[in-house]
Amino acid sequence: MAGYAHTPGEAAAGPGAWYPVLFLTLAASISKIDRQVLALAIGPMKRDLGINESQIVLLGGLAFTLLYSVFTMPAAGVADQWRRNSRAGSSRSICWW
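Residue positions are counted from 1 within each chain, in the order its sequence is given. Owing to the predicted nature of the model, reporting of local features is limited to residues with pLDDT of at least 70; listing and counting of side-chain atom pairs is limited to 80 or more, with chain, interface and lining totals taken over all residues. Hydrogens and waters are ignored; side-chain quantities use all the structure's heavy atoms.

J.: Summarise the overall build of the protein chain; cite the residues concerned and give the values.
T.: Counting from the N terminus, the helices are DSSP H or I runs at least four residues long and the strands are E runs at least two residues long. Summing up its helical and strand segments, the protein chain has three helices and zero strands in all. If you list the helices and strands of the protein chain from N to C, you get α-α-α. Each residue's exposure class comes from its accessible area (1.4 Å probe, protein chains only) as a fraction of the maximum for that residue type: buried when under 20%, exposed when over 50%, partly exposed otherwise. Taken over 97 residues, the protein chain has a buried fraction of 7%. Working note: accessible area of the protein chain is about 8,000 Å², and carbon and sulfur atoms make up 67% of it. Accessibility throughout is a Shrake-Rupley quantity obtained with a 1.4 Å probe, and a residue counts as covered only by protein chains that appear here.

See below:
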């Protein structure tokens, strides 16, 4: 925006400011793909394991939700502890995931 004046003490965002955005977008994309892999594997899993529809629902819904909810809060705590170096905290949280 032309004519925008920065206030004293406000740093202008450089090209490096977009790296965290790209990193987190990539992480969110991988998370979405990870969730869809189980949906693609349902048919072969039912056939190979000989399980019925209700067992698939428990495996795909309940188990995933419990694991996701159990590990989300500790990962957020790890990211908060290392907030001084946000790249290190985000990287460790994603590697833990």
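J.: Could you give an account of a nonpolar patch on the surface, naming the residues involved and the relevant values?
T.: Nonpolar side chains collect at one region of the surface, where Trp-18, Tyr-19, Val-21 and Leu-22 lie side by side and expose about 500 Å² of accessible area between them. Inspection of the secondary structure puts Val-21 in helix α1 (residues 18-49). When its relative accessible area of 39% is taken as the criterion, Val-21 is described as partly exposed. Here a patch means residues that are over 30% exposed by relative accessible area and free of salt bridges, tied together within 9 Å if like-charged and within 5 Å if nonpolar (Val, Leu, Ile, Met, Phe, Trp, Tyr). Only one rule defines a salt bridge in this text: a Lys or Arg side-chain nitrogen within 4 Å of an Asp or Glu carboxyl oxygen.

J.: With reference to specific residues and values, describe the pattern of salt bridges.
T.: For the structure shown, the criterion picks out two salt bridges. Linking Glu-53 and Lys-46 is a salt bridge whose minimum nitrogen-to-oxygen distance equals 2.7 Å. On the accessibility criterion, Glu-53 (47% relative accessible area) is partly exposed. Ionic pairing is found between Arg-47 and Asp-48, a salt bridge with its closest N-O pair at 3.8 Å.

J.: Tell me about the confidence of the model for the protein chain, residues and numbers included.
T.: Fine structural detail should not be taken from predicted coordinates in areas where pLDDT scores are low. Per-residue confidence for the protein chain gives a mean pLDDT of 76; residues scoring 70 or more make up 71%. A residue's pLDDT is the predictor's confidence in that residue, given on a scale from 0 to 100. When the elements of the protein chain are averaged for pLDDT, helix α3 (residues 86-96) gives the smallest value, 67, and α1 the largest, 84.

J.: How would you explain α1 if you had to name every residue and give the values?
T.: With 32 residues, α1 should cover 46 Å at 1.5 Å per step; its first-to-last C-alpha distance of 45 Å lies within 8% of that length. At the exit of α1 stands Gly-50, carrying a positive phi of roughly 65°. To estimate how far a helix should reach, multiply one less than its number of residues by 1.5 Å.

J.: Pulling in residues and values, what's your account of the environment of Thr-72?
T.: With respect to the secondary-structure elements, Thr-72 resides in helix α2 (residues 53-81). For Thr-72, a relative accessible area of 36% corresponds to the partly exposed category. We define a polar contact as two N or O atoms separated by no more than 3.5 Å, with the added condition that, inside protein, one atom must be a possible hydrogen donor and the other a possible acceptor, whereas residues neighbouring each other in sequence contribute only through side-chain atom pairs. One polar contact links the side chain of Thr-72 to the main-chain carbonyl oxygen of Tyr-68, over a distance of 2.4 Å.

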